[in-house]
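Overview (structure and organization)
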Amino acid sequence: MKTISENRCFGGVQGVHAHASEACACDMTFGLFLPPAAQDGPVPVLWYLSGLTCTHENAMVKAGAQGWAAEHGIALVFPDTSPRGPGVADDAAYDLGQGAGFYVNATQDPWAPHFRMWDYVAEELPRILTANFPIDDSRQSITGHSMGGHGALTLAMGLAGRYRSVSAFAPICNPTASDWGRKQLGAYLGPDEAAWARHDATLMMRAQGLDAPLLIDTGTSDQFGDHLRTEALAQAIAERRQAATIRLQKGYDHSYFFVSSFMEDHIAFHADALHA
């Protein structure tokens, strides 16, 4: 593993690291913030999954999460959103290919050789973190924005018991019924829609629910609201009588101005679970 940069940040260290990924068969880059408490021993970790077009860097520099994480003694990990490089398949559209991995394991060409983001986030990167940094892998939570909120929800329901708490900012809630979903799931997983169900938070909520506290924030002025289908997930949560908090924030859009406005709430929400 190669350390690209390390910067002092709120008494801790914000690092950027690269490594050769077995899951994605290419080099991958991730950001990791270690709070001051990590100097005294392993700390809990909050995963932040970013959205379409993002790299590891967007949330790392825009979300304003490090100060609150330092206060609560929580590490933050910012994975990339897809494999990258000259040998990795791509598409001219912003919502498919590099920068748009959708947190699935692709089974279709030309995506299958590299686009295995589920395995990368669920299995490979956690092993790397605990082997190289003071991370307590028995205390993990997960959050994300947009496509990353979709990933946070589906990973949490697909890996029951892994995460102590789950949150999302403007998540894609029902991708099998959305323009942000049908295109990508069809490309990565093929035409059999039965294979898509384990990557749709609304369908997963109906089928199995979630065994962790859940917080979702979405802006009422989100310019991509039709793609998110928040109402579908809310209905599934109600039908299942799932414990959850869904907040519609008046006047907020899809940007990192929205994310940073409510980051303190989300960090505190996860801190309650991680330090319980």
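Here goes a summary of the coordinates provided. Counting restarts for each chain, with residues numbered from 1 along the sequence as it is written. For this predicted model, a pLDDT threshold of at least 70 governs which residues receive local features, and a threshold of 80 or more governs which side-chain atom pairs are given and counted, while totals over whole chains, interfaces and linings are taken from all residues. For the side-chain quantities, the full set of heavy atoms in the structure was used; hydrogens and water were omitted.

Here the focus is the environment of E264. Mapped onto the fold, E264 is located in helix α9 (residues 256-274). In sequence terms E264 and L76 are 188 residues apart; their C-alpha atoms lie 13 Å from each other. In this text, helices come from DSSP runs of H or I with a minimum length of four residues, and strands from runs of E with a minimum of two, each type numbered from the N-terminal end.

With that out of the way, let us pick up the environment of A238. Looking at where A238 falls in the secondary structure, it is placed in helix α8 (residues 230-240). Between the C-alpha atom of A238 and that of R182, which follows or precedes it by 56 residues, the distance is 24 Å.

Here the idea is simple: oppositely charged side chains can pair when their charged atoms come close. Just to be clear on terms, a salt bridge is a Lys or Arg side-chain nitrogen sitting within 4 Å of an Asp or Glu carboxyl oxygen. Overall, the coordinates contain 10 salt bridges when judged by the stated rule. The partner of R162 in a salt bridge is E123, with the nearest N and O atoms 3.7 Å apart. Of this pair, R162 sits in the loop between α4 (147-158) and β7 (166-169) while E123 sits in helix α3 (residues 117-132); the two residues are 39 residues apart in sequence, bridging distant segments of the chain. Only protein chains enter the accessibility calculation, which uses a 1.4 Å probe; a residue is then buried when its area is under 20% of its type maximum, exposed when over 50%, and partly exposed in between. Take E123: its relative accessible area is 36%, and that puts it in the partly exposed class. The partner of R182 in a salt bridge is E193, and the shortest N-O contact between them spans 2.6 Å. Of the two residues, R182 sits in helix α5 (residues 179-189) while E193 sits in the loop between α5 and α6 (201-207), which places them 11 residues apart along the sequence. Using a relative accessible area of 36% as the deciding quantity, one classes R182 as partly exposed.

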